[in-house]
Amino acid sequence: MQPKQFMLHYPDQCAAFFADAATALPAVLVVSMWSSFPFFTLFYLAALQGIPDELYESASVDGANLWLQFRHITLPLLMPIIVATVVLRVIGLVNAPDLLIVLTGGGPGHATQVLSLYAFQKAYAEFDFGYAAALSVVMLLLLMAFTVVYDAIAEWNRTREPKYRGAFAMNSPVRSGQFEWASSERVQEAIAAGMAGLD
């Protein structure tokens, strides 16, 4: 059954997400995330491909499971990309009311009215360019504050000492670039077996 036929035969089963004040903003966010998904996927794919395989091999020799490898290798090395993409996405969301104009126009009521859309409407619908410029300066200050606070929190997370200490103990590879391996019998046995294989 085609979507049009389904809506004609079962009108009560169809949800008007953009016409309902409770679901309009989440629906716009879903569309926005879907439209920017490929761009940010390329960022993360490039970052993942840049992580050396030797780090994972060394960690597995030292007894680290997949969660520890993700927590202590993948996540710290992806953190600069995560910070950059979050900042880019927030700036893009705040500065671009195009999806809201196309999908809802700020409605229903004021359910999807955000500051950038309000400034746009003030400038180009009411021709109050001074007020719109003042709103733009406020948005700039809010974005600057968000970026500074978010970057400070991310830097604090990068430089704090890891809580886990065991057979697989390491400092943050983002900060030091080096691993600090704890002595373990498994590592010594693996080294001895590797050396014996070279003979």
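All values reported here derive from a predicted model rather than from experimental measurement.

Reading the values: the criteria
- Residues numbered from 1 in each chain as written.
- Predicted model: local features only at pLDDT ≥ 70, side-chain atom pairs only at ≥ 80, totals over all residues.
- Heavy atoms only, no water.
- Helix = DSSP H or I, 4+ residues; strand = E, 2+ residues; numbered from the N terminus.
- Expected span 1.5 Å × (residues − 1).
- Bend = angle between axes of the 7 residues up to and from the residue.
- Patch = residues over 30% accessible without salt bridge, like charges linked within 9 Å, V, L, I, M, F, W, Y side chains within 5 Å.
- Areas by Shrake-Rupley, 256 points an atom, 1.4 Å probe, with all protein chains shown as cover.
- Salt bridge = Lys/Arg side-chain N within 4 Å of Asp/Glu carboxyl O.
- Buried < 20%, exposed > 50% of the residue type's maximum accessible area, 1.4 Å probe, protein only.

Draft legend 1. Looking closely at helix α2 (residues 24–49). Between its first and last C-alpha atoms α2 spans 37 Å; for 26 residues at 1.5 Å apiece the expected length is 38 Å, and the two agree. Of all bends in α2, the biggest is about 50°, found at F37, and the proline P38 comes one to four residues later.

Draft legend 2. Local environment of a nonpolar patch on the surface. A surface patch of nonpolar side chains, amounting to about 670 Å² of accessible area, comprises I101, V102, F120, Y124, F127 and F129. Contributing elements (two or more residues each) for the nonpolar patch: α5 (98–103) and α6 (115–124). Tracing the sequence through the fold places I101 in helix α5.

Draft legend 3. View of unusual backbone geometry. Cis geometry is found at the peptide bond from G107 to P108, where omega equals -5°. Mapped onto the secondary structure, P108 falls in the loop between α5 and α6. Here F127, not a glycine, exhibits a phi torsion of approximately 55°, which is positive. With respect to the helices and strands, the residue F127 is situated in the loop between α6 and α7 (129–159). Overall, the relative accessible area of 59% leaves F127 in the exposed class.

Taken by themselves, the reported measurements are silent on function.
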